[in-house]
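Listed below, chain by chain, are the residues.
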Amino acid sequence: MKRFKVILLPGDGIGPEVVSEAVRVLKAVEPHLEVRFDLEEQPCGAGEYLRSGDPLPAATVEACRAADATLLGAMGLPDVRWPDGTEMVPQIDIREILDLYAGIRPIYLYHEVHCPLKGYGAGEIDFVIFRENCEGLFASRKNSYPVGALQVEDTLRITRHGAERIIRAAFEWSMKRRKKCTLVDKANVLPTMAYFRSIFDEIAREYPEVTTERVYVDAASLFLLQRPKDFDVLVTENMFGDILSDLAAGLVGGMGMAPSADIGPRHGVFQPSHGTAPSIAGKGIANPVATILSVALMLDWLGVPQGGEMIRQATARVLADPANRTADLGGALSTSGMASKIIEAL
Ligand code: ATP
């Protein structure tokens, strides 16, 4: 029987709480599959920085590199910062080190009560954001600035290689869905974005079956609220993807409902789109659904899509009953209570 080595990086804040519940779900689905999982936890995050002085130990990176996949919780704590004031973000370092260029963020509405907009039922909001993960405006994040600086600049970097691979990945994904791909950019103002668009146009010609749309990021924020049904796959630069992912998560219940997969040529890291949510950490009330659905994405990517589908269907069955809600969705279920419901449904 095939065995997969999966590294667990629970991290900080609510990370350990949601990862342990997602692992319970993984273990519940495992006996129904023809594969087995060997799980190994590794240290990483702001807490690890406080313990060892390094938020991302080399041994942790090597373990992720050697594994078949990594399941990550969340990292960073508001009070633990580098001298320049930025937070520890080892989850972003891992993306760059392992070349996880595609940030894939499915947005799916499971029940109308989760949506702040009127008139949208289960399945009526269903799209995927492809966020470029390794360049864009985040390319500047390792730069420092001198004490007393009067001007600081960040550079938005778009390379042909980086743009081609994320755009092609988005078109490939569109082919498996409703065959529509929307570019989100700012090509009317920034030369980097005009370049990104020219590469989108080139690749679009390779996919004549896919309907394309080009939208400026400001308009995309409006259209996501006005006509979320119209979107299928959206592809965009790193920072725009970061911001629009949170907006999109808000359409389907918030950050606790938004899974993600960070995929590269060789490695995959799966994690909820949310952060460490320090204000609710340790209370046992975080919503584990985003992390559980990230496990489903991991199973798809490992070539066990029947496992991913089992988890998605069980989650859909549980969330079809509006009584099954954690506090962020207006309900009273605990983190483990929600996971237990999904396990029962499995
Ligand atoms: P980061 O910058 O690391 O992405 P953030 O500052 O954007 O983090 P999050 O930690 O994602 O913030 O939290 C944003 C909001 O969503 C907070 O109100 C938080 O409590 C809430 N939240 C995030 N994740 C969950 C969850 N799993 N369950 C319930 N609420 C959550």
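The text that follows walks through the structure, step by step, so that each part is easy to find. (Residues numbered from 1 in each chain as written. Predicted model: local features only at pLDDT ≥ 70, side-chain atom pairs only at ≥ 80, totals over all residues. Heavy atoms only, no water.)

## A few points about the packing of helix α5 (residues 160-175) against helix α6 (residues 191-204)
Worth spelling out the cut-off: Comment: axis = line fitted to C-alpha atoms, over the contacting stretch for helices; angle = value between 0 and 180 degrees taken between N-to-C directions. The secondary structure listing takes helices from DSSP runs of H or I that are at least 4 residues long and strands from runs of E that are at least 2 residues long, numbered from the N terminus. Small angles under 35 degrees read as roughly parallel and large ones over 145 as roughly antiparallel, with 65 to 115 read as roughly perpendicular and the rest as oblique. For any helix crossing, the convention is left-handed if the near helix is rotated counterclockwise from the far helix by under a right angle, and right-handed if that rotation is clockwise. Residue contacts follow a heavy-atom distance rule, with two residues in contact if any of their heavy atoms lie within 4.5 Å. Residue polarity follows a fixed list, in which Ala, Val, Leu, Ile, Met, Phe, Trp, Tyr, Cys and Pro are nonpolar, Asp, Glu, Lys and Arg are charged, and the others, Gly among them, are polar.
Orientation of α5 relative to α6, taken along the N-to-C sense of each, is 45°, at an axis distance of 9 Å. On the basis of their axis angle, the class for α5 and α6 is oblique. The two elements α5 and α6 cross, and the hand of that crossing is right-handed. Of the residues in α6, those touching α5 at R160, A163, E164, I166, I167, R168 and F171 are Y195, F196, I199, F200, E202, I203 and A204. Its residues placed into classes, the contact of α5 with α6 shows 10 nonpolar, no polar and four charged.

## Focus: the pattern of salt bridges
Our working definition: We define a salt bridge as a contact between a side-chain nitrogen of Lys or Arg and a carboxyl oxygen of Asp or Glu at a distance within 4 Å. Accessibility here uses a 1.4 Å probe with only protein chains present; expressed as a share of the type maximum, an area under 20% marks a residue as buried, one over 50% as exposed, and anything in between as partly exposed.
All chains considered together, the criterion is met by 28 salt bridges. The partner of E96 in a salt bridge is R141, and the shortest N-O contact between them spans 3.0 Å. Here E96 is found in helix α4 (residues 90-97), whereas its partner R141 is found in the loop between β5 (126-132) and α5, with 45 residues between them in sequence. Taking the relative accessible area as the measure of exposure, E96 reaches 27% and is therefore partly exposed. A relative accessible area of 27% places R141 in the partly exposed class. Residue E213 is joined to R227 by a salt bridge in which the shortest nitrogen-to-oxygen separation is 3.0 Å. In this pair, E213 is assigned in strand β7 (residues 211-216) and R227 in the loop between α7 (217-226) and β8 (233-236), connecting sequence segments 14 residues apart. On the accessibility criterion, R227 (23% relative accessible area) is partly exposed. Salt bridges linked by common partners bring D93, E96, R141 and K142 together as one network.

## Quick look at the packing of aromatic side chains
Selection criterion: Stacked, tilted and edge-to-face pairs are distinguished by plane angle, under 30 degrees for stacked and over 60 for edge-to-face with tilted covering the rest, among Phe, Tyr and Trp rings (Trp via its six-membered ring) whose centres lie within 6.5 Å.
For the structure shown, the criterion picks out eight aromatic pairs. Considering the side-chain rings of F4 and F37, the 6.0 Å spacing of their centres and the 25° angle between planes classify their relative orientation as stacked. With a gap of 33 residues between them, F4 in strand β1 (residues 2-11) and F37 in strand β2 (residues 35-41) connect regions that are remote in the sequence. In terms of burial, F4 and F37 fall into one category: buried.

## Brief notes about the environment of R65
Relative to the assigned elements, R65 resides in helix α3 (residues 58-66). Judged by relative accessible area, which is 36%, R65 ranks as partly exposed. With 203 residues separating them along the chain, R65 and G268 place their C-alpha atoms 9.5 Å apart. Excluding its chain neighbours within four sequence positions, the residues that come into contact with R65 are I97, L98 and H267.

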